[in-house]
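Here are the chains, one letter per residue:
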Amino acid sequence: MKKLRIVYMGTPDFAVPSLKILVENKYDIAAVITAPDKPKGRGQKMSQSPVKEYAESMGLKIMQPTNLKDPEFQTELTSLKANLQIVVAFRMLPETVWSMPELGTFNLHASLLPQYRGAAPIHWAVMNGEKETGLTTFFLKHEIDTGSIILQEKEVISHTDTTGEVYNRLMAKGAGLVLKTVNAIEKEDYQLKVQNENQPLKHAPKLFKENTELKWTEPAEQLYNYVRGLNPFPTAWAIINNNKYKIHVSTIIDKNSKGEPGKLITDDKTHLHIQCNPGILAMEEIQPEGKKRMAITDFLRGNKL
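Residues numbered from 1 in each chain as written. Predicted model: local features only at pLDDT ≥ 70, side-chain atom pairs only at ≥ 80, totals over all residues. Heavy atoms only, no water.

This part covers the nonpolar core. If you look at the biggest cluster of nonpolar residues, it comprises 68 residues, and the most contacted ones within it are Leu19, Leu22, Ile86, Trp216 and Met283. The element best represented in this core is helix α6 (residues 163-187), accounting for nine residues. Non-local contacts of Leu22, meaning those with residues more than four positions away in its chain, are made with Tyr8, Tyr27, Ile29, Ile86, Val178, Leu179 and Val182. Grouped together as the second largest cluster of nonpolar side chains are 16 residues, Met9, Leu68, Leu80 and Phe90 included. (Core = buried A, V, L, I, M, F, W, Y, C linked by side-chain atoms within 4.5 Å. Buried < 20%, exposed > 50% of the residue type's maximum accessible area, 1.4 Å probe, protein only. Helix = DSSP H or I, 4+ residues; strand = E, 2+ residues; numbered from the N terminus. Contact = heavy atoms within 4.5 Å.)

Each neighbour pair has its own omega, and for Asn231 with Pro232 the value is 15°, a cis peptide bond. Mapped onto the secondary structure, Pro232 falls in the loop between α7 (220-229) and β12 (236-240). Of note, Tyr116 is a non-glycine position whose phi angle comes to about 60°, a positive value. Tracing the sequence through the fold places Tyr116 in the loop between β7 (105-109) and β8 (117-118). On the accessibility criterion, Tyr116 (5% relative accessible area) is buried. Located in the positive-phi region is Asn241, a residue other than glycine, with phi close to 55°.

What follows deals with the pairing of strand β2 (residues 28-33). Across the six residues that make up β2, a large majority, five, are buried. Note that strand β1 (residues 5-10) and β2 share five bridges and pair parallel. Note on β2: the bridge partner recorded for Arg5 is Asp28. Following the chain from β1 across helix α1 (residues 16-24) to the adjacent parallel β2, one finds a crossover that is right-handed. Examined bridge by bridge, β2 and strand β5 (residues 62-63) share two bridges and lie parallel to one another. By the bridge assignment for β5, Val32 is matched with Ile62. (Pairing = 2+ DSSP bridges. Right-handed = clockwise from strand over helix to strand, strands pointing away.)

Listed below in structure tokens is the structure:
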């Protein structure tokens, strides 16, 4: 068995359970590397990452480099004499960092690679109406999300799941997969699998204003998937009656009916349905610009369309 000394890299809440399970299983964590503190909220108070908060509570060594190529940081990292690095929801590493440990650096990615390489794999799997996603641990190499696969685990996506719900399940399941991967590396009991690129690949680019808009010229089912895939963050948006709204929750009224895309169907009291191409989508919870999120009945009480 290999005696492991681990450097763990992560920042958001998604990365906390994986660190926690390693600590609880008595693995030697040489250091935790996370994002620098940053101002947050109206008061702009300095805020720590969820990973830092947990690491601090456990008395672990914490490093918060602003530049991963900084020679001082890399010298300190080398001095830790770690033989394995684990990356969960962190940032891109320079080769000098990921190639440093003897046993390599592995990453936990929230998709079944090679599908959904990129920054937002959970969002895009839900947005594309997938019935299944999962988790992959793989060793890092030059090209992002392309390294050899160590282990994978599947996760079902239901037709009503939001990204938030899938995220929470994968966060918990990911901790178990990280532990299994570390156990396998410790026992030198694993077989690497090269990612199969001889298939159509779907990607998971960052989410911006341009790729989160609902366009009524698209099918209702696709727009419904976008709404749940962008819930709770960053939230789908659309133009209704020349005004911009965030669309938090929607339902499909009809998948096949045809009509003028964008046409509003409403009694100005109980419902707001919008014609798509094809199908009809019902707005359930929306948010006008500069106002709070509200149920459609509350919105219609003060806004006649």
